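For reference, the chains in residue letters:
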Amino acid sequence: MRQLHQLPLVGLLLFFLTPSQLFKTCEVNEDDRFRLNPLLSTMSYSICTSEVQAANVLLSLRLVGIKRQNLEQKLMQEVNDTAVRKASNISSGQLAWTMMALGACHNPNETFIIDLQLVRLLEEKFQEEIENMRAHNGNPLTNYYQLSQALLALCLFSGNYSVTEIAELFTPENKNYYFGNQFSVDTGAMAVLALTCVNGSIINRQPEDEKISMSINNHTELLIKKILSEKKENGLIGNIYSTGEAMQALFVSSNHYNESEWNCQQTLDTVLKEISQGAFNIPTAAAQILPALMGKTYLNVNKDSPCVYTSDFNASIPVPGSVTPTNSPSSITVHYSVQINETYSTNVTVPNGSVFLNVMEAAKKQNITIFGFTMEETSWGPYITSVQCLKANNNDRTYWEILSGGHSLSQGVGSYVVHNGEYLMIRWSKY
């Protein structure tokens with residue numbers, strides 16, 4: 001099942017890694033790669049859903065070396081269009097994804113390159129995040145996941161940032177690693193990847209650099225301990241959707257934990273089982289788990305490296321088609337509530353197979369004053385921005401939490417499939 005090998009950081013960082021910093025990865029072996037087909041099928045839907053998912057999918061396909069000419073061309077065109085026409089209007093994290101997707105590797109026939117204009121724009125967005133933290137009690141414009149994404153892309157594409165400031169910002173005790181009282185595994189994992197890149201790129205190694213490098217190294221070690229503390233008995237780390245990036249963080253930080261602390265084989269087995277049960281049913285989720293399953297990390301992004309496509313992975317990516325009908329009941333009824341200071345409830349009937357968002361839309365038709373809402377499209381699907389005109393606010397650390405049976409859901413409103421008789425709620429919350 002598993003192939004275990006050493007994977008050095010690509011590009012210039014290779015020369016600054018000690019033997020203890022060589023990466024240890026594990027991956028699904030060639031005989032089992034057919035089990036990844038559902039991920040590829042899901043990722044194919046990125047060309048007919050939302051443009052913000054295209055960069056995630058393109059990056060994933062290029063990292064693992066899967067080439068499907070028509071799909072890659074359409075994704076490249078969409079991501080390129082975002083970079084050329086919309087870069088100023090997207091968030092720091094989305095710009096980082098866009099740059100990483102376009103610069104993951106290089107094909108001779110590609111005309112687009114990561115130019116200084118995009119790098120400088122990301123530098124500006126990164127500084128705006130930091131300035132917002134200074135002005136609003138340590139809260140970035142977006143969140144620490146996107147802040148880490150931006151830092152990683154700046155590091156990979158030789159952007160400017162202060163390593164001293166990075167050492168101060170990314171302390172493991174920072175509140176932005178937590179969602180409520182829960183450590184956010186994917187946020188911590190993205191920070192580990194960014195910090196690993198930054199630490200490897202500190203070239204001068206003067207006494208001051210050594211001190212900063214040691215501080216960043218300590219941050220990384222503590223973040224890895226926090227990530228491992230979220231490991232479940234079945235091998236998942238955090239939840240099914242954070243496991244892929246947690247695996248990447250563990251790949252690049254094998255010198256910070258003992259081999260006995262993480263059974264990668266168990267994690268692979270559990271993820272493959274979840275894939276067979278349809279867990280990764282939106283393109284972004286599929287795209288973010290695939291690189292780790294193929295032994296890759298976002299640190300493999302290298303705009304100067306030629307794209308290499310595997311010859312041993314012949315899985316096909318089917319064209320999106322219709323779903324075969326089943327004999328399940330045609331409609332279901334659920335109990336839906338909105339909770340702010342008071343709780344407002346209703347019963348809603350929706351078609352079988354509906355997602356949380358369908359329930360919200362049906363309730364809105366019943367009473368727009370009580371159940372009205374707004375949303376925006378993200379790489380993970382629709383995100384609820386307001387209910388009853390009450391808006392989520394990063395500076396106040398407020399958001400709309402979705403729950404089933406009183407338990408917070410890890411899936412979004414556009415992907416969580418509801419069930420007959422279920423008790424659903426959207427609740428005004430702080431993190």
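Residues numbered from 1 in each chain as written. Predicted model: local features only at pLDDT ≥ 70, side-chain atom pairs only at ≥ 80, totals over all residues. Heavy atoms only, no water.

The chain is annotated in an unreviewed UniProt entry as Transcobalamin-1 isoform X1 from Trichechus manatus latirostris. According to the UniProt record, the Sequence similarities (unreviewed entry) comment for the chain is "Belongs to the eukaryotic cobalamin transport proteins family." Regarding the chain, the UniProt comment filed under Subcellular location (unreviewed entry) reads as follows: "Secreted". (UniProt positions renumbered as here; feature names shortened; annotations may be inferred.)

Engineer: Quick question: what am I supposed to make of the UniProt feature "binding site: cyanocob(III)alamin" (unreviewed entry) in the chain here?
Structural biologist: Under the local residue numbering, the UniProt record ascribes the feature "binding site: cyanocob(III)alamin" (unreviewed entry) to T142, N143, Y144, Y145, Q146, D186, N239, Q288, Y383, I384, L409 and Y431. Residue placement: Q146 occurs in helix α6 (residues 144-156). We classify Q146 as buried; its relative accessible area is 17%. Residues in contact with Q146, not counting those within four places in the same chain, are S91, S92, G93 and Q94. On the secondary structure map, Y383 appears in strand β8 (residues 381-387). What Y383 contacts, discounting residues up to four positions off in sequence, is T374, M375, E376, T378, A392 and Y399. (Helix = DSSP H or I, 4+ residues; strand = E, 2+ residues; numbered from the N terminus. Buried < 20%, exposed > 50% of the residue type's maximum accessible area, 1.4 Å probe, protein only. Contact = heavy atoms within 4.5 Å.)

Engineer: What is the right way to read the nonpolar core from this model?
Structural biologist: Generally speaking, a soluble globular protein has its nonpolar side chains buried in company with each other. By size, the foremost hydrophobic cluster in this structure holds 105 residues, and its most contacted members are M100, L152, F170, I227 and F280. Setting aside anything within four residues of it in sequence, one finds M100 in contact with L59, L152, A153, L156, F157, Y298 and V301. By size, the runner-up hydrophobic cluster in this structure holds 25 residues, among which are V355, V359, F373 and V418. (Core = buried A, V, L, I, M, F, W, Y, C linked by side-chain atoms within 4.5 Å.)

Engineer: Just to check I follow, could you spell out the pattern of salt bridges for this structure?
Structural biologist: A pair can form between side chains of opposite charge whenever their charged atoms are brought close. On inspection of all chains with the given rule, the structure shows 8 salt bridges. Residue R85 pairs with D81 through a salt bridge whose shortest N-O separation is 2.6 Å. With R85 and D81 both in helix α3 (residues 69-86) and 4 residues apart, the pair spans about one turn of that helix. Linking R427 and E401 is a salt bridge whose minimum nitrogen-to-oxygen distance equals 3.0 Å. Placement of the pair is R427 in strand β12 (residues 423-430) and E401 in strand β10 (residues 398-404), with a sequence separation of 26 residues. The class of E401 is buried, set by a relative accessible area of 10%. Through salt bridges with shared partners, a single network forms among R62, K67 and E72. (Salt bridge = Lys/Arg side-chain N within 4 Å of Asp/Glu carboxyl O.)

Engineer: Help me out: how do you make sense of the sheet that holds strand β11 (residues 407-408) in this one?
Structural biologist: Whether parallel or antiparallel, the strands of a sheet pair through hydrogen bonds between backbone atoms. Taken in spatial order, the 5 strands line up as β6-β5-β12-β10-β11 in an open sheet, and their pairing is mixed. Strands with a single pairing partner mark the edges of an open sheet, and in this sheet they are β6 (343-351) and β11. Summarising the sheet, β10 and β11 pair through 2 bridges and their orientation is antiparallel. Bridge pairing in β11 places L403 opposite S408. (Pairing = 2+ DSSP bridges.)

Engineer: Explain the state of the cysteines here, please?
Structural biologist: The term disulfide refers to a covalent linkage connecting the sulfur atoms of a pair of cysteines. If you walk through the whole model with that rule in mind, you get 3 disulfides. Bridging C105 to C307, the disulfide has an S-S length of 2.0 Å. Judged by the sign of its S-S torsion, about 90 degrees, the bond between C105 and C307 is right-handed. A residue pair is termed long-range when its members are at least 10 positions apart, and C105 in the loop between α4 (92-102) and α5 (116-135) and C307 in the loop between α12 (283-293) and β5 (331-339) qualify at 202 residues. We note that C105, like C307, is buried. Put simply, C155 and C197 are joined by a disulfide, and their sulfur atoms are 2.1 Å apart. Judged by the torsion about the S-S bond (-95 degrees), the C155/C197 disulfide is left-handed. Highlighted residues: C155 in helix α6 and C197 in helix α8 (residues 185-201), separated in sequence by 42 residues. Of the residues examined, C155 reaches a relative accessible area of 11% and is grouped as buried. When the bonded cysteines of the chain are numbered from the N-terminus onward, they pair as 1-5, 2-6, 3-4. (Disulfide = S-S within 2.5 Å.)

Engineer: So what exactly am I meant to see when it comes to the environment of K67 here?
Structural biologist: In this structure, K67 sits in the loop between α2 (54-64) and α3. Of the residues examined, K67 reaches a relative accessible area of 29% and is grouped as partly exposed. Those residues in contact with K67 that sit more than four places away from it in its chain are E72, N107 and Y309. Here the side chain of K67 touches E72 through a polar contact of 3.5 Å, side chain to side chain. (Polar contact = N/O pair within 3.5 Å; in protein donor to acceptor, adjacent residues only side chain to side chain.)

Engineer: Any chance you could explain unusual backbone geometry here in plain terms?
Structural biologist: Leaving glycine out, the prevailing phi sign among residues is negative, and the prevailing peptide bond configuration is trans. Of note in the backbone geometry, Q388 takes a positive phi value of approximately 50 degrees without being a glycine. Inspection of the secondary structure assignment puts Q388 in the loop between β8 and β9 (390-391). Positive phi outside glycine occurs at C389, with the angle close to 65 degrees. One can find C389 in the loop between β8 and β9.

Engineer: Sorry, what's going on with the sheet that holds β9 here?
Structural biologist: Ordered in space as β7-β8-β9, the 3 strands form an open sheet in which the pairing is antiparallel. The open sheet has two edge strands with one neighbour each: β7 (373-378) and β9. Its contacts with the sheet place helix α13 (residues 356-366) against β7 and β8, and it is angled at close to 155 degrees to β7. (Axes fitted to C-alpha atoms, helices over the stretch in contact; angles between N-to-C directions.)

Engineer: Whenever I open this one, the packing of aromatic side chains confuses me. Can you help?
Structural biologist: Here the distance between the centres and the angle between the planes together describe a pair of aromatic rings. The tally for this structure, following the rule as stated, stands at 14 aromatic pairs. When the ring of Y144 is compared with that of Y177, the centres are 5.5 Å apart and the planes differ by 85 degrees; the resulting orientation is edge-to-face. Placement of Y144 in helix α6 and of Y177 in the loop between α7 (163-169) and β3 (178-179) is noted, with a sequence separation of 33 residues between them. The exposure class assigned to Y177 is buried, which follows from its relative accessible area of 0%. Between W400 and W428, the aromatic rings sit 5.1 Å apart at their centres with planes inclined by 55 degrees, giving tilted as the arrangement. With a gap of 28 residues between them, W400 in strand β10 and W428 in strand β12 connect regions that are remote in the sequence. Accessibility expressed as a relative area gives 24% for W428, which makes it partly exposed. A network of ring pairs unites the aromatic residues Y144, F170, Y177, Y178 and F183 as a single cluster. (Phe/Tyr/Trp six-rings, centres within 6.5 Å; stacked < 30°, edge-to-face > 60°.)

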